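# Descriptive structure summary
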Amino acid sequence: MEENRETLELLRKIEKNSRMQTYSGYARTVLVLVCAVCMVVLTCAVMKLLPQINAILGQAQDAVKQVGTVLDYLEQTSYQLSQVDMQGMVSNVDGLVTTGQQSLQATMEKLNSIDFDALNKAIKDLSAVTQSLANVTRIFGR
């Protein structure tokens, strides 16, 4: 009789433990589904930001090319100045200043055309997305 009670008690504990594991499995499944939905949403958000980032990077690339052109002009001018005597250099200073000013003005126009507000917004949005991804990965790491 005593053995039947002990066996019955053990079976109840096993049943309780089995139920807890089942509920825990359901909870994990729900969390995995929530995380999957979050990943899909975050992926969509990142995909939405990519055209903006590409446009801003294109503008930045154009500005860098313009700066490279200005540097090329400066290099050519420096070489030419090293080949010219002092009187020739004094007479050509006005042309040099005009050319440098025009190149610098064109470069400044390119730099001013960059939408820094949009770039900053895209960086903030990307930071928020990566922070959300980090939070999601922390959930799985536990």
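The structure reproduced in this document is the subject of the present report. (Residues numbered from 1 in each chain as written. Predicted model: local features only at pLDDT ≥ 70, side-chain atom pairs only at ≥ 80, totals over all residues. Heavy atoms only, no water.)

Moving on to the pattern of salt bridges. Two side chains with opposite charge may pair up if their charged atoms get near one another. Taken as a whole and judged by the stated rule, the model has 2 salt bridges. Taking the shortest distance from any N to any O, the salt bridge between Glu 15 and Arg 19 comes out at 2.5 Å. Residue Glu 15 and its partner Arg 19 are both found in helix H1 (residues 2–83); the two are separated by 4 residues, about one turn of the helix. Residue classification places Glu 15 among the partly exposed residues on the basis of a relative accessible area of 40%. Given a relative accessible area of 48%, Arg 19 falls into the partly exposed group. (Salt bridge = Lys/Arg side-chain N within 4 Å of Asp/Glu carboxyl O. Helix = DSSP H or I, 4+ residues; strand = E, 2+ residues; numbered from the N terminus. Buried < 20%, exposed > 50% of the residue type's maximum accessible area, 1.4 Å probe, protein only.)

Let us look at a nonpolar patch on the surface. Taken together, the side chains of Val 67, Leu 71 and Leu 74 make up a nonpolar region of the molecular surface, amounting to roughly 250 Å² of accessible area. For Leu 71, the location among the structural elements is in helix H1. (Patch = residues over 30% accessible without salt bridge, like charges linked within 9 Å, V, L, I, M, F, W, Y side chains within 5 Å. Areas by Shrake-Rupley, 256 points an atom, 1.4 Å probe, with all protein chains shown as cover.)

Okay, the side chain of Ser 103 next. Inspection of the secondary structure assignment puts Ser 103 in helix H2 (residues 86–113). Aside from chain neighbours lying at most four places away, what touches Ser 103 is Gln 66, Val 70 and Tyr 73. (Contact = heavy atoms within 4.5 Å.)

With 82 residues, H1 ought to run about 122 Å at 1.5 Å a step, and its terminal C-alpha atoms sit 112 Å apart, in line with that. Leu 50 marks the point of greatest bend in H1, at about 30°, and the proline Pro 51 comes within the next four residues. Among the residues of H1, those classed as buried are Cys 35, Leu 42, Leu 49, Ile 56, Ala 63, Gln 66, Val 70 and Thr 77. (Expected span 1.5 Å × (residues − 1). Bend = angle between axes of the 7 residues up to and from the residue.)

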